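Okay, here's what each chain looks like letter by letter:
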Amino acid sequence: MSEAPAENEDLSSAESDGPWPLSGWRVLDLSSQIAGPYAAKMLVDAGAEVIKVEHPDGGDPLRRWSASDSQIASDEDGALFQFLNASKRSIALDPASASGKSELLDLAASADLVIESFGPGGLERRDLEPATLRRANPALSVLSISPWGLEGPDADRPCTEFTIQAATGTIAYRGLRDRKPVFAGGRIGEWAAGTFGAVGALSAMLSARRTGDGQHVDVSMFECMLLCLTVYHDLNSQWFPGPLPRSIEIPSIEPAKDGWVGFCTITGQQWSDFCAMLGRQDIAEDETYLDGRARMGHLDQMREMIHSWTRERSIDEIIDIASMLRIPAAPVGNGRTLPEMDHMKARGVFEQGPGGFLRPRPPYRIGGSELRPFGPAPGLGEHGAAIRAELADARPRVLAGEGASALPLEGLRVVDMTTFWAGPIATTYLSDMGADVVKVESIQRPDGMRFAGSVRNQQMWEWSPVFHGANPGKRAVTLRLDCDEGMALVRRMIERADVLIENYSARVMDNFGLSWEAVHEINPRLVMVRMPAFGLDGPWRDRPGFAMTVEQVSGLAWITGYRDMPLVMRGACDPLGGMHAVFATLAALEERRRDGQGRLVEMPLVEGAINLSAEQVIEYSAYGRLLERDENRGPVSAPQGVYRSADPESLIAVAVPDDATWRALRSLLGDPEWALIPDLDDAAGRRAHHNEIDDRLEAWLSSLPVDEAAARLNAAGIPAQPLINPHDLMPNAQLEARAFFQTIEHPATGKTRYPGWPMVFSALPRALHRRPPPMLGQHNDEVLGDELGLTQAELDALREAQVIGDRPSFM
């Protein structure tokens, strides 16, 4: 095993005497609501010190928030605020005042990171632009989270999380064709922005430790949602005709004798086995139905076939049968049922922390390391006196840097044994941050995502939009792992690696002889990251699970859909699970830096999703209120909905998030008599009259072309967005201005447009993908020959024995 280069060791902050992975880091959190505070929560849970900086006049509005509109005592804070801000300290100051600005700059002088969510021009209006914040501390990084990004033609466009969803295309194609489409519930875009923000912030701080210079990280919630809610539809649009028809998954969430049960059939084998389970081998043998779109065309027939079987059986009975056939199946969880599930109890997923309500623990574990226990959330300004006293003795951060590349992971070697989406997007991020990532497949069992939704041609395994989207930047080898020759080469790769990451079901690596104990013996410095759907222990350990399964269990599906039909979000937990895994990997590398020892990281996909849906359990535990889906209505805005326009096929999303916006809408409508009644002056009254408002608003919108309606509403400061089909995302002026996409020449598909990351790093190029997604076995000779030293004769013998190759053995 070779030692990692010295620069590779400088992956973190200065030495710390704290017991947690990120002990020694200091973060100033100026943000509010969900996204910024969740990014700061991820950092504080891993051991960073976080000081929440709030305005003296009320502080973070989330302090008074309850999604169920439950009453919050005047001397208490809302439960979601307490969850997101546990273990932080608070200082109250007004950065617009001379004294407040001076104190903030003094705090920044000894910090590693500032998080803010003021929006475009927000720092500049406060005379706190990044250069000013870094004046006494060049190593300081700044994380800015905003709806569209800080620059671009749409940067100041009025919006809510709901209307941004409309801009991505995700709403337009989710739902039944004889009803209006529906959005993804639970403010998922804000949680997504916080997750990507935490990863981007940690990457910037690691970069600063190498160079001595901090970075400004500009996160766009719009771009986060594109990566999480559209399943690479822009790639799809480059190879397939459009538009994408509105649809639901078949099968998905179906009625059982005693509630809802969720299924997922990603692969052709899973669909065939599902049909056989129902006793419908005739449907399994009809290749027409291998295509989910064909099933949607026969919706009534499919639902009759499925429901006639599921309605006769209990949820537990169905899951037992499906699990024996390796068909992903799960109960549909919500805020009441999740903590009572046997698997969640066995693994201790939920804890009762300060405040007396249940909350999910952080979604990952690092073997041999501890995460910070939940502390109380701070009262507004609670720690101001102590923090001000500390300022008297504080010294500015001084980091000389080592003249190394700003890419924080340059020199890191990663063996990538992941498949489908969550794992591959994690390793692509590691690659784009400078790591050398080698993807390991076999010609007997390539990554199954190579075939999902692919173009049906002679090289179909090289034409899957999701595979392309989740795998740029890597090299790839094929090695048969059920033979001695292939396993010996994998072990040699592990000897040289810093990180091994995989997302098989829990039993697979053990069956390969690559348990944690085995790989730790091969390479004691290796960080092994495991991402099974349900974790490495517990009653559900060996159940198969994909993104839709995890959405069904976690509550994400419960809060999405029609009143009589929950629907999956379609994949959000995969990329967000991948980003949680990246964060955990970086934290584990920080631990290795301190003691030289490798770590086992466990990042169950379901626990990442449970953190994103945490509000449901928190709200039920704290207030006894079960959050429910309500089609396109939500707890933030009233009215909120999808409305018809004068264009027959065009819908528009409109949201009124506060009373001022309601007054603006009322004025735009001409102050009609129906809108002037006092009941509508506040959100509670507007919710009570939501049906009538919807009818009146739709009547007005139906008289206007959709683009004119959106323009008039936006000009009045009202969030509104025409629904687009995800197939028609591009051209998009905002994405083009921010250079979100990167065009790369691929050996099979030619010039192809790939999505980048939803954060712009000030010291890194926007186009971070260094190469296109790898073809199957593309780098066998380079990795196995040039680097591991195999001769051409040995490589030829391995090809002859089908240990390696570049074409699936079954094609």
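Please refer to the structure placed before this passage.
Note that the structure is a prediction, hence the values are computed from the model and not measured. (Residues numbered from 1 in each chain as written. Predicted model: local features only at pLDDT ≥ 70, side-chain atom pairs only at ≥ 80, totals over all residues. Heavy atoms only, no water.)

Notes on the sheet that holds strand S13 (residues 413–417)
Next, step 1: Taking strand neighbours across the sheet as the criterion, the seven strands line up as S12-S20-S17-S16-S13-S14-S15 in an open arrangement whose pairing is mixed. Edge strands, defined here as strands with exactly one partner in the open sheet, are strand S12 (365–366) and strand S15 (475–478).
Next, step 2: Pairing analysis gives two bridges linking S12 to strand S20 (residues 600–602), with the strands arranged antiparallel. Opposite Ile366, over in S20, you have Val601 as the bridge partner.
Next, step 3: Its contacts with the sheet place helix H32 (residues 780–787) against strand S14 (436–441) and S15, and it is angled at close to 80 degrees to S15. (Pairing = 2+ DSSP bridges. Helix = DSSP H or I, 4+ residues; strand = E, 2+ residues; numbered from the N terminus. Contact = heavy atoms within 4.5 Å. Axes fitted to C-alpha atoms, helices over the stretch in contact; angles between N-to-C directions.)

Describing the packing of helix H8 (residues 188–211) against helix H9 (residues 221–229)
Next, step 1: Put simply, H8 and H9 touch, their axes get as near as 9 Å, and they point 100 degrees apart. Considering their axes alone, H8 and H9 lie roughly perpendicular with respect to each other. Within the contact between the two elements, H8 uses Ile188, Gly189, Glu190, Ala192, Ala193 and Phe196 and H9 uses Met221, Cys224, Met225, Leu227, Cys228 and Leu229.
Next, step 2: Split into classes, the residues belonging to the contact of H8 with H9 amount to ten nonpolar, one polar and one charged. (Parallel < 35°, antiparallel > 145°, perpendicular 65-115°, else oblique. Nonpolar A, V, L, I, M, F, W, Y, C, P; charged D, E, K, R; others polar.)

What about the sheet that holds strand S5 (residues 141–146)?
Strand pairing within a sheet occurs via backbone hydrogen bonds; the two strands may be parallel or antiparallel.
Next, step 1: The mixed open sheet is built from seven strands, whose spatial order is S3-S2-S1-S4-S5-S6-S26. Edge positions in the sheet fall to strand S3 (89–92) and strand S26 (759–761), since each has one partner strand and no second. Each adjacent strand pair in this sheet contributes to an overall mean axis angle of 20 degrees, direction not counted.
Next, step 2: Each of S5, strand S6 (216–220) and S26 touches H9; the most contacted strand, S6, lies at about 60 degrees to it.

Quick look at the pairing of S14
Next, step 1: With five of its six residues buried, S14 lies for the most part within the structure.
Next, step 2: As paired elements, S13 and S14 share four bridges and run parallel to each other. Bridging from a neighbouring strand, Asp416 pairs with Lys439 of S14.
Next, step 3: Read from S13 through helix H18 (residues 422–432) to S14, the crossover connection turns out right-handed.
Next, step 4: Where S14 meets S15, four bridges bridge the pair, whose relative direction is parallel. Considered in S15, the bridge of Val440 is made with Val477.
Next, step 5: Tracing the backbone out of S14, into helix H19 (residues 465–470) and back to the parallel element S15 gives a crossover that is right-handed. (Buried < 20%, exposed > 50% of the residue type's maximum accessible area, 1.4 Å probe, protein only. Right-handed = clockwise from strand over helix to strand, strands pointing away.)

With respect to the packing of aromatic side chains
Next, step 1: For the structure shown, the criterion picks out 15 aromatic pairs.
Next, step 2: Relative to Trp191, the ring of Tyr38 has its centre 5.1 Å away and its plane inclined at 70 degrees; by these criteria the two rings are edge-to-face. Placement of the pair is Tyr38 in helix H2 (residues 35–45) and Trp191 in helix H8, with a sequence separation of 153 residues.
Next, step 3: Ring centres of Phe451 and Phe810 lie 5.8 Å apart, and the angle between their planes is 45 degrees; this geometry places the pair in the tilted category. In this pair, Phe451 is assigned in the loop between S14 and H19 and Phe810 in the segment after helix H33 (792–800), connecting sequence segments 359 residues apart. (Phe/Tyr/Trp six-rings, centres within 6.5 Å; stacked < 30°, edge-to-face > 60°.)

Focus on the side chain of Asn725
Next, step 1: Assignment of secondary structure puts Asn725 in the loop between strand S23 (720–722) and helix H31 (733–737).
Next, step 2: According to the relative accessible area criterion, Asn725 is buried, its value standing at 16%.
Next, step 3: For Asn725, the side chain forms a polar contact with the main-chain nitrogen of His727, separated by 2.9 Å.
Next, step 4: In contact with Asn725, not counting residues within four places along its chain, are Gly169, Ala172, Pro243 and Leu244. (Polar contact = N/O pair within 3.5 Å; in protein donor to acceptor, adjacent residues only side chain to side chain.)

What to know about the pattern of salt bridges
Next, step 1: Taken as a whole, this structure holds 57 salt bridges when the rule is applied.
Next, step 2: For Arg179, the salt bridge goes to Asp564, with nearest N and O atoms at 3.0 Å. A residue pair is termed long-range when its members are at least 10 positions apart, and Arg179 in the loop between helix H7 (161–168) and H8 and Asp564 in the loop between strand S18 (561–562) and strand S19 (565–566) qualify at 385 residues.
Next, step 3: A single salt-bridge network, built from bridges that share partners, covers Arg347, Arg361, Arg365, Asp537, Glu602 and Glu607. (Salt bridge = Lys/Arg side-chain N within 4 Å of Asp/Glu carboxyl O.)

Focus: empty space enclosed by the protein
Next, step 1: For the coordinates displayed, the defined rule picks out five cavities of 30 Å³ or more.
Next, step 2: Empty space within the largest cavity amounts to approximately 130 Å³.
Next, step 3: Along its surface, the largest cavity is lined by Arg413, Val414, Val415, Asp436, Val438, Arg475, Met493, Arg496, Ala497, Val783, Glu787 and Leu788.
Next, step 4: At the level of elements, S13, S14, helix H20 (484–496) and H32 are the ones that each hand at least two residues to the lining of the largest cavity. (1 Å grid on protein atoms, 1.4 Å probe; cavity = no way out; pocket = protein on both sides within 12 Å on 5 of 7 lines; lining within 4 Å. Points joined across faces, edges and corners; volume = space filled by probe spheres on them.)

A few points about H32
Next, step 1: Within H32, the full set of buried residues consists of Asn780, Val783, Leu784 and Gly785. The arc that holds the buried residues of H32, viewed along the axis, is 165 degrees, so those residues lie on one side.
Next, step 2: Looking at the packing, one finds that the buried side of H32 touches S14, S15 and H33.
Next, step 3: Directly beyond the C-terminal end of H32, a positive phi value near 90 degrees is found at Gly789. (Arc of directions from axis to C-beta.)

Describing unusual backbone geometry
Next, step 1: In this model, Ala638 is joined to Pro639 through a cis peptide bond whose omega is 5 degrees.
Next, step 2: The topology assignment puts Pro639 in the loop between helix H26 (614–623) and strand S21 (640–644).
Next, step 3: Backbone torsion omega between Met730 and Pro731 reads 5 degrees, so that peptide bond is classified as cis.
Next, step 4: Along the chain, Pro731 turns up in the loop between S23 and H31.
Next, step 5: Unlike most non-glycine residues, Tyr232 shows phi in positive territory, near 55 degrees.
Next, step 6: Looking at where Tyr232 falls in the secondary structure, it is placed in the loop between H9 and helix H10 (233–239).

Examining a negative patch on the surface
Next, step 1: Side chains of Asp258, Asp316, Glu317, Asp320 and Asp342 sit close together on the surface and give a patch of like negative charge.
Next, step 2: For the negative patch, the element with the highest residue contribution is helix H15 (residues 315–324), accounting for three residues.
Next, step 3: Position of Asp316 among the secondary structure elements: in helix H15.
Next, step 4: For Asp316, a relative accessible area of 57% translates into the label exposed. (Patch = residues over 30% accessible without salt bridge, like charges linked within 9 Å, V, L, I, M, F, W, Y side chains within 5 Å. Areas by Shrake-Rupley, 256 points an atom, 1.4 Å probe, with all protein chains shown as cover. Lys, Arg positive; Asp, Glu negative; His and termini not counted. Charge placed at Lys NZ, Arg CZ, Asp CG, Glu CD.)

Quick look at the packing of H7 against H9
How two helices sit against one another is set out by the angle between their axes and by the gap between those axes.
Next, step 1: For the pair H7 and H9, interaxial distance at closest approach is 9 Å and the crossing angle is 55 degrees. Here H9 runs oblique to H7, going by the angle between their axes. Here H7 runs over H9; the crossing is right-handed. Where H7 abuts H9, its residues Glu161, Ile164, Gln165, Ala167 and Thr168 lie against Met221, Phe222, Met225, Leu226 and Leu229.
Next, step 2: Partitioning the contact of H7 with H9 into residue classes produces seven nonpolar, two polar and one charged. (Left-handed = near helix turned anticlockwise from the far one by under 90°.)

Topic: the environment of Asp77
Next, step 1: Position of Asp77 among the secondary structure elements: in the loop between strand S2 (49–54) and helix H3 (79–84).
Next, step 2: Considered as a pair, Asp77 and Arg450 are 373 residues apart in the sequence and their alpha carbons are 48 Å apart.
Next, step 3: The contacts of Asp77, once residues within four sequence positions are left out, are Arg63, Ile72, Gln82, Pro378 and Tyr623.

A look at the state of the cysteines
Next, step 1: If you walk through the whole model with that rule in mind, you get zero disulfides.
Next, step 2: Here Cys264 is not disulfide-linked; the sulfur of Cys573 is the nearest cysteine sulfur, at 9.8 Å.
Next, step 3: As a non-bridged cysteine, Cys573 has Cys228 as the owner of its nearest cysteine sulfur, 9.7 Å distant. (Disulfide = S-S within 2.5 Å.)

A short note on helix H11 (residues 268–277)
Think of an α-helix as 3.6 residues a turn; residues three or four steps apart then line up on the same face.
Next, step 1: Turning to H11, its buried residues are Gln270, Trp271, Ser272, Phe274, Cys275 and Met277.
Next, step 2: Where H11 is buried, its residues meet strand S8 (259–263), helix H12 (281–284), helix H13 (292–297), helix H14 (299–310) and H15.
Next, step 3: Once H11 finishes, Gly279 follows within two positions and takes phi at roughly 80 degrees, a positive value.

Remarks on the nonpolar core
Nonpolar side chains in soluble globular proteins generally cluster together in the buried interior.
Next, step 1: Counting 145 residues, the largest nonpolar core has Met344 and Phe583 as its most contacted members.
Next, step 2: No other element matches the twelve residues that H8 contributes to this core.
Next, step 3: For Met344, the residues in contact, after removing those within four places along its chain, are Leu338, Val349, Phe350, Trp540, Val553, Val606 and Ile610.
Next, step 4: The next biggest cluster of nonpolar side chains, apart from the first, holds 35 residues, and it includes Ala497, Val508, Leu514 and Val519. (Core = buried A, V, L, I, M, F, W, Y, C linked by side-chain atoms within 4.5 Å.)

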